[in-house]
Structure formats: C-alpha cells, structure tokens
Amino acid sequence: MKDLKMFIDGQFCQSSDGQWIDVLNPSTEEVISRQPNGTIADVNRALDAARKAQKQWAKTPAIERAAWLKKLADGIRERREEFIDIIMREQGKTLNWATVEVDVTAEYFDYMASFARHIEGEIIPSDRPNETIFLSKKPIGVVAGILPWNFPFFLIARKAGAALIAGCTIVIKPSQLTPENCTTFGEVVDKVGLPKGVINIVTGKGSVIGNEMAGSPKIDIVSVTGSVSAGESIMAAASKNITKVSLELGGKAPAIVCKDADLEKAAQWIVDSRIGNNGQICNNAERVYVQKEVKAEFTRILVEKMKAVRVGDVCQDHTVDMGPLVEARALESVTEKVERAIKQGAKLLCGGHRVGEKGYFYAATVLDDCRQDMDIIHEETFGPVIPLVEFDTIEQAIEWSNDCEYGLASSVFTKDIDTATRVARELEFGETYINREHFEAMQGFHAGVKKSGIGGADGKHGVEEYLVTHVTYLDTHYE
C-alpha cells in the first residue's frame, strides 16, 4: 500500500493532524493506497502559497507560462504508462479509456499553451475628444479546482491548463476516491521546476476541503465538476464572499432516434455513449427516444449490442468493454434505480444485475416500455443503463427531451438535415451531437444549462472563465 502526499508551496507533505483516508480498487475492493486527510489549516497554507505566487505568475509573460505548460505535458508523457496504470487501479477505467485520458491530458496542456498569444483586448472609441478607451483581460487570481473521480486526471488539465495560461494560480482538490493520479502529477510539477505555489494539491474530504476553499476570501473563482448537490453546497459557501463559480454538474442526455436514421450506426453510437467510462460520464446518453416506425428493429439491434458488452477487472483483462462502477454506493444507486423502474412498469430486456460477487460491476442494461413520467427518465443514473421511450412526432421527442432539470448534452440521429438543425435549435442543452457519439472536443466549449451548471470549459471561452475585464480611460490633453 502506498502513502500519498499533498503538494503545498512546492513541498510534499502530510496532513497537519496526521490522519489518513484509504483508497480502494473498485475492481477488487482492496485498499491500494492511503491519502492525507487534509485539514482547514492545510487548505489555508495552500491558499496562502497560491496567493503569494499569483502576482509574480501574472507578471510572467504568457509565452513563458506556455513553456511551463509544455513542460508539464512532456512530464506526463514521460510517465505515461504509470499514469495509465494508476487510473485503471483507482477508478476502474478500461485500458483504452485510461490511455485516452492520459494522452488527452498531456495534449490539453499543449493546447492551452497555444493561447499565450491569443488573450486579446480591445480599443473602443470614446465619446470625448482626445480620449481612448482600452479594454484588457487580466487573470482573475487564485483558483480553487475541485475535481471529480470519473475523469480525475484529465480534469487537472482542464482546470489548471486554462487557469495557468490566463495568469492564475491554483489549489487542486482531487476526489477522495481517486487521489493518486493527482498526487503523482504533483511529482511532475516538482520535477519540471514550476515556481512554487503556482500549483498546490490538497487531499481529503470534499465536505471539509471543498467547502473551506469555496468559502475563503483568498479564492477568486471556484471551478467544480461534480454532482448537483456538490454544486449547491459550493455555491452556498462561495456566496459569502460573492466568489465567482464555474460549475459542471450532472446530466440526463437524451438521444433521439428518428425513423430515417441509420439504425445500425445509431445503436452503436448510443452504446458507445452509454458504456463509456463504465457509464459514468456526465454527457453519457442517459435516455433514448425512438420513433414508433423503427422502434422494434432499433431495439433488437441495441439489445444485441448491449448483450455483447464484456464486463470485468480492467487490470486483469485489457480486452473488456467495461470495468466497475467507482464505489459501493454507486452500485447500490444504479441497482435501486433499475429495480424502481421495473416496479413502475419498465420491461427488462437485458442486464439489470450485479456481475460477480467482488468489485462493483454492473451489467449493460436495457429497459423497454419506459414512460416520460418514470423516475428513470428524470434522475441521472450514472451507470450502464439505457431506458427506451417510444415517440410519434419530432415535436413530441423535443418536448420530452426538454422536460428535464438538466441541460448538458443531447443527440439526434437522422439523415434529414432539416430535422437535425431543428432539433439542435430547439433542444435546451449546452451540446447537441448529430449522428455521432457523445464526446466533446477540447477546442469547443463544454457547458450546460439549467441544473447542469454555470460557465464552462475548453477552447477560448474556457480560458475566459479565468479572466476579468479591465477598462482604462486615457484622456490626453493637448496644449
């Protein structure tokens, strides 16, 4: 078992009170490491370090900050296989998904470095003679980056990459379920020689670390990826200081399959969008609306593909399609939601059960005869479960899709460009995928509406989350 360390002000350290939290492998339920149970004192040491470092970091030319990001990317690549192994062990990702996560994390730091020469301002005409108005962008300051467990490594880059290139410093709080990838990243930060205090890592309980960071006057923005309840808690804590929040929360993505869709491809894209990361992605396809004319044929194809999904220990078998859910509570939650759906009238076509007696594995599941008023259509499942709902008209599919408190991702499968553009225009979601799987691009903008969040990440708009606007009025008096 490995003892992990926090990284504060350029130094590796343990918790100030010497307490630990165990970390489990979700495939085996075995303890694989233990993390420092960070305290409020640890948080404040990290915040003080970040605030002290931020002024000098902001003065560092952006092109030099970019060079540091590239060093971090190279440092990740040097330890690529180690990071892949860590993610598979502590989060249960398949080899393919873990490999993609590590490679994209390095690439994301390189991508964010490219914005060094693209943080731009404006010159605005004045109403007064001899005056010029300059609008410039400045770093917001110190960032609290609160990470989830489902993409624990990539979210380091998504938050820190944009923050650092903007001139901000950051205190990162990894999920207590998946801390090792982040503490190991601290070793990369140390090795490349990044100025101390620019990146700090504090491990421990979200209820302690996260709330203390969000409620601190030393923080200028809190960036959180997590559940709606976590977002509500963070917003409440941040409100004391009117601190800016950027939240990516839950999702209940609808996938609309029209009668003219390529059913074979649509079924595969939806399966890929449902079992990806073991069904634990905020923009996974969470509910599928199928037009009446093709419902029977599409269901047959979909069930066949879901029955073929192989589940197992990702560290022992690199060929499996899905690993475990992340913890016992996740397995209990998915099991309860499927059982409740069946009680409410859903028909189980495949899956619907735990796989094995050890580890948090759940079979790929399809539920038919679902209705719009069922809980399974409205509550985020976060597991490999597809509920099917039949619809008659595209108007009905759009209405039912929008009948949801979430608004992150959505998709439509059709060969008709008019239908595709209409659906994309009328759906109330931050993202719409047309004839493809659910998965965003780093140059886009990953953001939701409704309870799916505030603000967003990726691309130039993601960088702007960490910038504030400053306007200078220059009046030159001529004799």
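Model, not experiment: these values are computed from the prediction.

1. Regarding the overall build of the protein chain
When helices and strands are tallied, the protein chain shows 15 helices and 23 strands. For the protein chain, the C-alpha radius of gyration of 23 Å lies close to 23 Å, the compact-globule estimate for 479 residues. Along the first, second and third principal axes, the C-alpha atoms of the protein chain reach 80 × 60 × 40 Å. Burial statistics for the protein chain: of 479 residues in total, 57% are counted as buried. Carbon and sulfur atoms make up 50% of the accessible area of the protein chain, which amounts to about 19,400 Å² in all. The protein chain carries 55 positive and 70 negative side-chain charges, and their two centres are separated by 3 Å.

2. A look at the nonpolar core
Grouped together as the largest cluster of nonpolar side chains are 60 residues, with contacts concentrated most on L72, F109, L164, I172, F185, L194 and I199. The element best represented in this core is helix α5 (residues 154-166), accounting for 10 residues. Not counting the four nearest positions on each side in its chain, I199 is found in contact with F7, L72, L164, I170, I172, F185, V189 and L194. Within the second largest apolar cluster, 33 residues are counted, among which are A330, A346, V385 and V412.

3. As for the sheet that holds strand β6 (residues 122-125)
Within a sheet, each strand pairs with its neighbour through backbone hydrogen bonds, oriented either parallel or antiparallel. Here three strands make up an open sheet; going across it, the order is β6-β7-β23 and the pairing antiparallel. A single partner strand is all that each edge strand has here, and the edge strands are β6 and β23 (467-475). Strand after strand, the sheet turns through a mean of 25° between neighbouring axes, direction not considered. As paired strands, strand β7 (residues 131-139) and β23 are joined by nine bridges and run antiparallel to one another. Opposite E131, over in β23, you have D475 as the bridge partner.

4. What about the packing of helix α4 (residues 95-113) against α5?
How two helices pack is summed up by the angle between their axes together with the distance between the axes. The geometry of α4 relative to α5 is characterised by a closest axis approach of 9 Å and an angle of 10° between their N-to-C directions. Considered as vectors, α4 and α5 are oriented roughly parallel to each other. Taken together, the residues of α5 that come into contact with α4 (itself represented by E101, V104, T105, Y108, F109, M112 and A113) are F154, I156, A157, R158, A160, G161, A162 and I165. Residue composition of the contact of α4 with α5, by class: 11 nonpolar, two polar and two charged.

5. Re the pairing of β6
Of the pairings in the sheet, the one linking β6 to β7 comprises four bridges and is antiparallel in character. If you follow P125 over to β7, its bridge partner there is T132. The turn linking β6 back onto β7 is made up of five residues, and N130 within it adopts a positive phi angle of 65°.

6. A word on a nonpolar patch on the surface
A cluster of nonpolar side chains, namely M1, L24 and V31, defines an oily patch on the protein surface of about 280 Å² accessible area. Here L24 is to be found in strand β4 (residues 20-25). Assessed through its relative accessible area of 33%, L24 is described here as partly exposed.

7. Observations concerning the pairing of strand β5 (residues 30-36)
Sheet faces and side chains relate simply in a regular strand, where the side chains alternate between the two faces. Note that strand β1 (residues 2-3) and β5 share two bridges and pair parallel. Residue pairing across strands places K2 opposite S33, the latter belonging to β5.

8. As for the packing of helix α2 (residues 62-78) against α4
At a closest axis distance of 8 Å, the pairing of α2 and α4 adopts a crossing angle of 165°. Relative to α4, the element α2 is oriented roughly antiparallel. Crossing of α2 against α4: the hand is left-handed. Two secondary-structure elements touch here, α2 through A66, L69, K70, L72, A73, I76 and R77 and α4 through V102, T105, A106, E107, F109, D110, M112 and A113. Grouping the amino acids of the contact of α2 with α4 by side-chain chemistry returns 10 nonpolar, one polar and four charged.

9. What about the pattern of salt bridges?
It is possible for side chains of opposite charge to pair when their charged atoms get near one another. Counting across every chain of the model gives 37 salt bridges. With its nearest N and O atoms 3.4 Å apart, the salt bridge here joins E180 to R89. Of this pair, E180 sits in helix α6 (residues 180-192) while R89 is found in helix α3 (residues 80-91), placing the two residues 91 residues apart along the sequence. Across the pair, exposure class does not vary: E180 and R89 are buried alike. Residues joined in a network through salt bridges with shared partners are K2, D85, R89 and E180.

10. Describing the state of the cysteines
Defined simply, a disulfide is a covalent bond joining two cysteines at their sulfur atoms. Here the structure, examined in full by the defined rule, presents zero disulfides. C168 takes part in no disulfide bond, and the closest cysteine sulfur to it belongs to C182, at a distance of 18 Å. Assessed through its relative accessible area of 0%, C168 is described here as buried. Free of any disulfide, C258 has its nearest cysteine sulfur in C404, 19 Å distant.

11. A word on the packing of aromatic side chains
Two aromatic rings are characterised by how far apart their centres lie and by the angle between their planes. By the definition in use, this model includes 12 aromatic pairs. Note on Y108 and F154: the rings are 5.2 Å apart at their centroids and 90° apart in plane angle, and the pair reads as edge-to-face. With Y108 in helix α4 and F154 in helix α5, this residue pair connects regions lying 46 residues apart in the sequence. Taking the relative accessible area as the measure of exposure, Y108 reaches 0% and is therefore buried. The exposure class assigned to F154 is buried, which follows from its relative accessible area of 11%. Summarising the aromatic geometry, the rings of Y111 and F115 are spaced 5.3 Å apart at their centres and angled 85° between planes, so their arrangement reads as edge-to-face. What links up through ring pairs into an aromatic cluster is the set F83, F109, F153 and F185. Against the face of W20 rests R34, its NZ or CZ located 4.0 Å from the ring centre.

Calculation criteria
- Residues numbered from 1 in each chain as written.
- Predicted model: local features only at pLDDT ≥ 70, side-chain atom pairs only at ≥ 80, totals over all residues.
- Heavy atoms only, no water.
- Helix = DSSP H or I, 4+ residues; strand = E, 2+ residues; numbered from the N terminus.
- Rg over C-alpha atoms; globule rule 2.2 N^0.38 Å.
- Buried < 20%, exposed > 50% of the residue type's maximum accessible area, 1.4 Å probe, protein only.
- Areas by Shrake-Rupley, 256 points an atom, 1.4 Å probe, with all protein chains shown as cover.
- Lys, Arg positive; Asp, Glu negative; His and termini not counted.
- Charge placed at Lys NZ, Arg CZ, Asp CG, Glu CD.
- Core = buried A, V, L, I, M, F, W, Y, C linked by side-chain atoms within 4.5 Å.
- Contact = heavy atoms within 4.5 Å.
- Pairing = 2+ DSSP bridges.
- Axes fitted to C-alpha atoms, helices over the stretch in contact; angles between N-to-C directions.
- Parallel < 35°, antiparallel > 145°, perpendicular 65-115°, else oblique.
- Nonpolar A, V, L, I, M, F, W, Y, C, P; charged D, E, K, R; others polar.
- Patch = residues over 30% accessible without salt bridge, like charges linked within 9 Å, V, L, I, M, F, W, Y side chains within 5 Å.
- Salt bridge = Lys/Arg side-chain N within 4 Å of Asp/Glu carboxyl O.
- Left-handed = near helix turned anticlockwise from the far one by under 90°.
- Disulfide = S-S within 2.5 Å.
- Phe/Tyr/Trp six-rings, centres within 6.5 Å; stacked < 30°, edge-to-face > 60°.
- Lys NZ or Arg CZ within 6 Å of the ring centre and 35° of its normal.

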